[in-house]
Amino acid sequence: MAKKGIKQSPEWVRKRVESRRGYHPSEETLRKQREVKLGANNPMFGRPRTPEAIQKFVKSRTGYRHSDETRKKLALARLNYYKDHPETIEMIKGENNPMFGRTGDLAPMFGKHLSSEAKRRLSQWRVGRFVGPANSFFGRKHSEETRARMKEKWKHRFFKEKDNKLELRLQRELQSKNIIFQKHAEILGRPDIFIKPDLCVFVDGCYWHGCKCKFNIEWTGTHAEYIKSRMKHDVEVNQKLQESGYRVLRLWEHEILKDIDSCVGRVRAYAETKTMVVR
Ligand SMILES: [Zn+2]
């Protein structure tokens, strides 16, 4: 057997694998091994690893990646395990999962940015894993068709679903307060909610409309420029609507997530009075 603390040479490992080929332990042995793994027979039972040991372990695994075959086997084993233990699925998917329902402002990272130190660590961690030749997709390219499909999905994911979810929440609240409105009226900018005779309400996703909580105006690059152009567009829409005699109210995603009641209150106040205010 391998001695503790001694790293085996590749040659030794190869020989050992070779010698074990065709070895099938008996049911009895397997049972014993399982017991050792599970309970007080395990020499590590009740002895949690020290942080240093964990660090060492993590370090020794850096850059390691299972072969495609092994990954397939692991995925299959996982599926089989779920089949035999349906309660596990309950645990990972349902309310038992500590992350269950923690989206939006309940999510641990809501409204937060990673520190530059964390970003640096993250990018370091990615080296040798997903970046460069370590990525199994390295040097390959999706077909035009797939790219178009992915783009479509991407757009859908970021623009429609997310916005729709927020809109739906607001719509439901307005309905429950008996406020009569029109969805996506045929007016410039297609306001998410229109209340007769002249109030246009927009629900703006924080990231895509450049809210301070998700976007920094000093950022540069294609993506940042794109968001800035959208922000400019929003301003233009506001101006044009106001010139045509409409009033505009823009609600941020984070406002709706944080306090939908006050958002509804504002919509109602603007609908009832005749104030001219954007945001
Ligand atoms: Zn925001």
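Up top is the structure.
Computed from a predicted model, the values in this text were never measured in an experiment. Every chain is numbered on its own, with residues counted from 1 as its sequence reads. In view of the model being predicted, local features appear only for residues whose pLDDT reaches at least 70, and side-chain atom pairs are presented and counted only at 80 or more, with totals across whole chains, interfaces and linings using the full set of residues.

Enquirer: What am I meant to see in the overall build of the protein chain here?
Expert: We count a stretch as a helix when DSSP gives it H or I for four or more residues in a row; a strand needs E for two or more, and each element gets its number in order from the N terminus. Counting its regular elements, the protein chain contains 10 helices and 4 strands. Start at the N end of the protein chain and walk to the C end: the helices and strands fall as α-α-α-α-α-α-α-β-β-β-α-β-α-α. Exposed residues have 12 or fewer other C-beta atoms within 10 Å of their own C-beta, buried residues have 20 or more, and partly exposed residues fall in between, where C-beta atoms are placed from the backbone. Here the protein chain holds 279 residues, and 10% of them are scored as buried. Long-range contacts, defined as pairs at least 24 residues apart, comprise 55% of the intrachain contacts of the protein chain with a sequence gap of at least 6. We call two residues in contact whenever the C-beta atoms placed from their backbones are within 7 Å.

Enquirer: Which parts of the structure should I look at to understand the environment of Pro-197?
Expert: Inspection of the secondary structure assignment puts Pro-197 in the loop between β2 (193-195) and β3 (199-204). Judged by the 9 C-beta atoms lying within 10 Å of it, Pro-197 is exposed. Residues Pro-197 and Phe-181 lie 16 residues apart in sequence; the distance between their C-alpha atoms is 10.0 Å.

Enquirer: Can you help me understand the pairing of strand β4 (residues 247-252) in this one?
Expert: The two faces of a sheet get side chains in turn, since along a regular strand they alternate between them. Counted residue by residue, β4 has 5 buried out of 6 residues, so it is predominantly covered. Pairing between strands requires that DSSP locate at least two bridges from one strand to the other. Strand direction decides the pairing type here: β3 and β4, joined by 6 bridges, are parallel. Its bridge partner being in β4, Phe-202 is matched across the sheet by Arg-250. Here a crossover is taken to be right-handed if, once the strands point away from the viewer, the path from the first strand over the helix to the second is traced clockwise. Following the chain from β3 across helix α8 (residues 222-243) to the adjacent parallel β4, one finds a crossover that is right-handed.

Enquirer: Looking at this model, I keep getting lost on the nonpolar core. Mind explaining?
Expert: A general trend in soluble globular proteins is that nonpolar side chains are found buried together. Nonpolar cores are identified as sets of buried Ala, Val, Leu, Ile, Met, Phe, Trp, Tyr and Cys residues joined via C-beta atoms within 7 Å. Of all hydrophobic cores here, the largest spans 20 residues; its most connected members are Leu-170, Val-201 and Leu-251. Breaking this core down by element, the ones donating at least two residues are α7 (144-176), β2, β3, β4 and α10 (260-272). Here this core gets 5 residues from one element, more than from any other, and that element is β3. Residues contacting Leu-170, with those up to four places away along its chain left out, are Ile-193, Val-203, Ile-256, Ile-260 and Cys-263.

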